[in-house]
Structure formats: C-alpha cells, structure tokens
Amino acid sequence: MNFLSLIEAKRDGLPLTDAQIRQIVAAGTAGEIPDYQLAAFLMAVFFRGLSNEETRALTLAMRDSGETLKFPNDGRPVVDKHSTGGIGDKVSLPLAPLLACLGLRVPMISGRGLGITGGTLDKLESIPGFTTQLAPERLVRQVQQIGVAMGGQTETMIPADKKFYALRDVTATVPSIPLITASILSKKLAEGLQALVVDVKFGTAAFMPNHGQARALALSLVNLARDCGVPTRALVTGMSTPLGRACGNWLEVREAVACLEDRGPADLRQLVLECAAQLLVLSGKVRSLDTAREQAAGCLAYGRAREKWDELLVAQGADLAAFRRKLQAGQTAPVLLEHKAGTTGFVTACDARIIGEIVRDLGGGRLTKDTVINPDVGIEILAPPGTRVRPGEVLALLHAADAASASAANTRLAAAFAIRDVASGIPQLIAEVIG
Ligand code: URA
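Residues numbered from 1 in each chain as written. Predicted model: local features only at pLDDT ≥ 70, side-chain atom pairs only at ≥ 80, totals over all residues. Heavy atoms only, no water.

Details of empty space enclosed by the protein
Right, on to step 1. Taken as a whole and assessed by the stated rule, the structure comprises three cavities of 30 Å³ or more.
Right, on to step 2. There is about 180 Å³ of room inside the largest cavity.
Right, on to step 3. Lining the largest cavity are 23 residues; nearest its centre among them are Ile116, Thr117, Gly118, Val359 and Gly364.
Right, on to step 4. Of all elements in the fold, only helix H6 (120-124), helix H11 (249-260) and helix H16 (352-364) reach the threshold of two or more residues within the lining of the largest cavity.
Right, on to step 5. Residues of the lining of the largest cavity, tallied by class, amount to six nonpolar, 12 polar and five charged.
Right, on to step 6. Two domains each put at least three residues into the lining of the largest cavity: domain 2 (79-323) and domain 3 (331-420).
Right, on to step 7. In this structure, the second largest cavity is lined by Leu16, Ile21, Ile24, Phe41, Leu50 and Leu58. (1 Å grid on protein atoms, 1.4 Å probe; cavity = no way out; pocket = protein on both sides within 12 Å on 5 of 7 lines; lining within 4 Å. Points joined across faces, edges and corners; volume = space filled by probe spheres on them. Helix = DSSP H or I, 4+ residues; strand = E, 2+ residues; numbered from the N terminus. Nonpolar A, V, L, I, M, F, W, Y, C, P; charged D, E, K, R; others polar. Domains from an automatic or database assignment.)

Below is the structure:
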C-alpha cells in the first residue's frame with residue numbers, strides 16, 4: 001500500500017474510499033504503518049475532517065479489527081450507555097445493574113481514566129477482588145446469566161481503537177469529531193447492541209467546551225449509530241460542576257452504592273434514571289418515557305438494583321465481606337482535611353476542571369498511562385453551587401495519602417469555589433436530548 005499518497009490525499013482534503021480506509025485501519029493495527037505516518041494521517045484528519053461516509057467506513061473498519069460480541073436472541077434487548085467523560089461521573093456504576101433489573105442485557109465495556117477525567121474501570125478496581133478483565137466469551141456468558149457485566153477492552157476487541165487512541169493521545173488529535181465518533185462507536189458497535197445512550201458532556205472539564213460543540217458531537221454519534229442499525233439517543237449534559245458530591249475512585253463507588261440505595265445526590269439520580277428511561281423506550285421495552293422513569297425509580301426504591309449490584313460483584317470475583325467492611329469504614333485514605341469557606345455568601349461555582357486536576361494530583365488519576373493510582377484519595381463536595389455558607393463552614397473534604405499533599409490540595413481548592421453575595425441560577429443538568 002502506498003500510504004504516503006493517502007496521507008497526501010487527506011492533507012489536500014480529498015475523500016478516501018471505503019477500501020482505502022479499511023486498508024489504513026488493517027495496516028495500522030497490524031503495525032505495518034510507522035507511527036510517524038499514522039500520526040501524520042490523524043493530524044490531516046484533524047484539520048480536514050471526514051465526510052459522513054468516511055466516518056462510517058472508519059468506524060466499521062475499526063469495529064471489525066477484532067472480535068465482536070454475539071448474543072442469542074432471547075427477547076432481552078442488549079443495551080449500553082457511553083459518556084464522553086467528566087469529573088465525578090459514576091453513572092455507569094448504578095446504571096448497569098439497574099438496567100439488568102429492568103430486563104435489559106448490559107455488556108458494558110469501559111475505559112480507564114486518563115488526565116483529569118475518571119474511568120469506570122479504575123473505580124471498579126477499588127472494590128476488593130473485583131476483576132475487570134473479562135474475555136469476550138466470559139463476558140457474554142455472565143450477561144446471559146445475570147444480565148450485566150462490566151469489563152475493559154481486551155487485546156482481541158477493537159485493537160484498532162487501542163492503537164489509534166494511544167497515538168491521538170500524544171499527538172494532540174483527540175478533539176476531532178469524526179475521530180471521537182469512530183472511536184466511541186467502534187467500541188459500542190462491537191458489543192452487538194440494540195440500543196445506545198450517549199452522554200455528551202460540555203463545560204470546563206469536558207472535551208467539548210460549549211453546548212454547540214457538544215451538540216455537533218452528539219448529532220454525529222446519533223446519526224452514525226442509527227445508520228449502523230443501533231437506535232441511539234444523546235443526552236447533552238453540563239460538566240462545569242462535578243456530578244454528585246464524590247470525586248475519586250473509591251469515594252465514587254461509595255456514592256454509587258448510595259444511589260443504588262436511593263439515598264444518593266439528586267443530580268446523579270436524575271441522570272441515572274434518565275439514561276435508564278431512554279434505553280427502556282429506545283429498546284422498545286416501554287412505550288413512554290414517563291412510565292419508563294417510574295419503573296426505573298421503583299427499581300431503585302425497592303432495592304432490586306442494589307441486590308443486582310452485589311450479584312455483579314460476586315460474579316466478577318469481589319470479596320463481598322471485604323467490600324462491606326470498606327463501605328462501613330467511612331474513611332479509607334490516611335489523611336482527611338476540611339476545606340473551609342473564608343467568607344459569607346452563596347456558592348455560585350465549583351469548577352470541575354480544578355477539582356479534577358487536584359484529585360489527579362492527589363494520586364487519584366493519571367498523568368501517563370503507567371501511573372499507579374491511589375483508589376482512596378479524592379474530594380467530597382459538601383457545599384455544591386446554590387449552598388449558602390458562612391466563614392469556617394466546610395466546603396469540601398479532602399481525602400489524601402499524606403499531610404503534605406492534603407495541605408497543597410487545600411490551597412489549590414480555594415480557586416475552585418466562587419462565593420458571591422447573590423445566588424446565581426443553577427443550569428439544568430440535562431441541557432438537551434438528541435435523537
Ligand atoms: N472517548 C473515546 O472512547 N474515544 C475518544 O476518542 C474520545 C472519548
């Protein structure tokens with residue numbers, strides 16, 4: 001293959017054929033194209049974009065670069081949800097068992113956190129004994145048995161995305177709508193889904209800085225997924241404030257359990273129920289969104305989703321007794337430090353980007369792929385936007401590995417909170433539903 005001529009074509013804004021795109025994906029995945037050429041190609045795509053046809057071809061070629069999941073048709077729709085990533089975004093943890101209780105099958109393949117955004121796999125791995133390494137056949141078997149499995153991408157599934165994403169990450173080519181669309185949908189289409197919800201975030205801590213760009217990505221995802229036969233809706237949601245109160249891997253698992261016990265924060269509950277309701281309707285299980293929301297809320301209220309969560313943990317090797325002890329322990333990080341308000345007023349902002357950066361630097365996230373994370377560190381927000389505070393009141397609780405990192409984080413945390421004399425309106429969490 002003359003790869004140079006394909007780079008030149010894309011550099012000059014010329015369209016590539018299906019066959020050419022399949023060749024690039026096959027040769028790129030097999031390691032037959034040097035990284036510098038593949039990176040040049042990705043940069044050409046970043047600047048020139050891809051047409052809908054090219055994005056479709058890229059997505060399908062990436063999906064087909066490895067094994068795909070196949071489920072028998074037993075009447076239970078196979079569904080999933082994907083989030084473009086944010087701070088405190090632990091929606092997948094309560095959502096997956098909830099969906100299984102509602103009669104759907106959920107083969108959830110998730111990623112790790114990189115940079116400031118957290119990853120579902122890292123959260124799950126803070127549970128004693130829980131394994132996220134599920135071979136495709138084991139994943140399918142578990143989904144057939146209990147309705148849900150939560151694992152990571154394996155060597156044999158979507159290897160093209162692994163290769164391309166790693167290069168994009170170090171060549172500043174991540175924020176490209178066609179490349180993000182192909183990356184997300186290749187993974188989701190490989191799961192053999194019948195319905196998909198994507199949570200496309202915008203705001204200070206999201207890939208997409210504003211609502212307009214998030215809408216463009218949402219439309220690209222919804223249109224292409226439908227074109228590939230998977231009914232899809234996108235929720236366009238704000239990510240300038242962390243979701244829920246807990247940020248940090250174990251703290252987020254604890255909050256997810258609270259949500260499953262129907263005593264979690266309102267914003268998290270709202271998003272979990274909305275994703276569940278959209279999937280019930282999209283998959284044809286329930287006719288109206290209102291009925292679907294009621295069913296999902298009932299499942300949380302009666303503790304069925306919480307029971308399913310324990311079933312999921314046991315199926316994936318978790319030590320349930322150790323998990324319960326950890327839940328009851330309250331504090332698991334060595335140092336707790338209160339971050340206090342210095343003035344009277346209303347909290348008008350709690351910047352998700354700053355919170356995410358601090359959690360990462362406390363050891364809860366990665367600067368490189370090889371960083372070993374500390375599952376127990378993080379930040380609990382006690383005064384979210386809208387709260388009235390007085391000097392000395394606690395705005396947030398820092399969970400740190402040692403006193404020095406707690407003190408450094410405490411200093412930086414002041415910049416995350418804005419306190420004003422007058423309360424400001426709190427933007428709606430779900431700005432728009434597309435599809
Ligand atoms: N999430 C993905 O899986 N891929 C991207 O390219 C961006 C976000």
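Thoughts on the layout of surface pockets
Right, on to step 1. If you add up the space inside the second largest pocket, you get close to 620 Å³.
Right, on to step 2. Along the wall of the second largest pocket there are 32 residues; nearest its centre are Thr241, Asp267, Pro385, Ile426 and Pro427.
Right, on to step 3. Those elements giving two or more residues to the lining of the second largest pocket turn out to be strand E4 (195-202), helix H12 (266-282) and strand E8 (345-350).
Right, on to step 4. Take the lining of the second largest pocket: its biggest share by element is five residues, from E8.
Right, on to step 5. Class assignment for the residues of the lining of the second largest pocket results in 18 nonpolar, 10 polar and four charged.
Right, on to step 6. Residues from two domains meet in the lining of the second largest pocket; each of domain 2 (79-323) and domain 3 (331-420) gives at least three.

Concerning the pattern of salt bridges
If charged atoms from side chains of opposite charge come close, those side chains can pair.
Right, on to step 1. Applying the stated criterion to the full structure yields 34 salt bridges.
Right, on to step 2. When the shortest N-O distance is used, the salt bridge between Arg22 and Asp64 registers 3.3 Å. Of the two residues, Arg22 is situated in helix H2 (residues 18-29) and Asp64 in the loop between helix H4 (52-63) and strand E1 (79-83); the sequence distance between them amounts to 42 residues.
Right, on to step 3. Judged by relative accessible area, Asp64 falls into the partly exposed class, the value being 35%.
Right, on to step 4. Linking Glu274 and Arg293 is a salt bridge whose minimum nitrogen-to-oxygen distance equals 2.7 Å. (Salt bridge = Lys/Arg side-chain N within 4 Å of Asp/Glu carboxyl O. Buried < 20%, exposed > 50% of the residue type's maximum accessible area, 1.4 Å probe, protein only.)

Some points on the site of the ligand
Right, on to step 1. Taken together, Tyr165, Arg168, Ile180, Ser183, Ile184, Lys187 and Phe207 make up the full set of residues adjacent to the ligand.
Right, on to step 2. The side chain of Ser183 places a nitrogen or oxygen atom 2.7 Å from a nitrogen atom of the ligand.
Right, on to step 3. A distance of 2.5 Å separates an oxygen atom of the ligand from a polar atom in the side chain of Lys187.
Right, on to step 4. Coverage of the ligand by the protein amounts to 90% of the 240 Å² it exposes when considered alone.
Right, on to step 5. Broken down by element, the residue count for the shell around the ligand peaks at four residues, all from helix H9 (residues 177-189).
Right, on to step 6. A per-class count over the shell around the ligand returns four nonpolar, one polar and two charged. (Near = heavy atom within 4 Å. Polar contact = N/O pair within 3.5 Å; in protein donor to acceptor, adjacent residues only side chain to side chain. Areas by Shrake-Rupley, 256 points an atom, 1.4 Å probe, with all protein chains shown as cover.)

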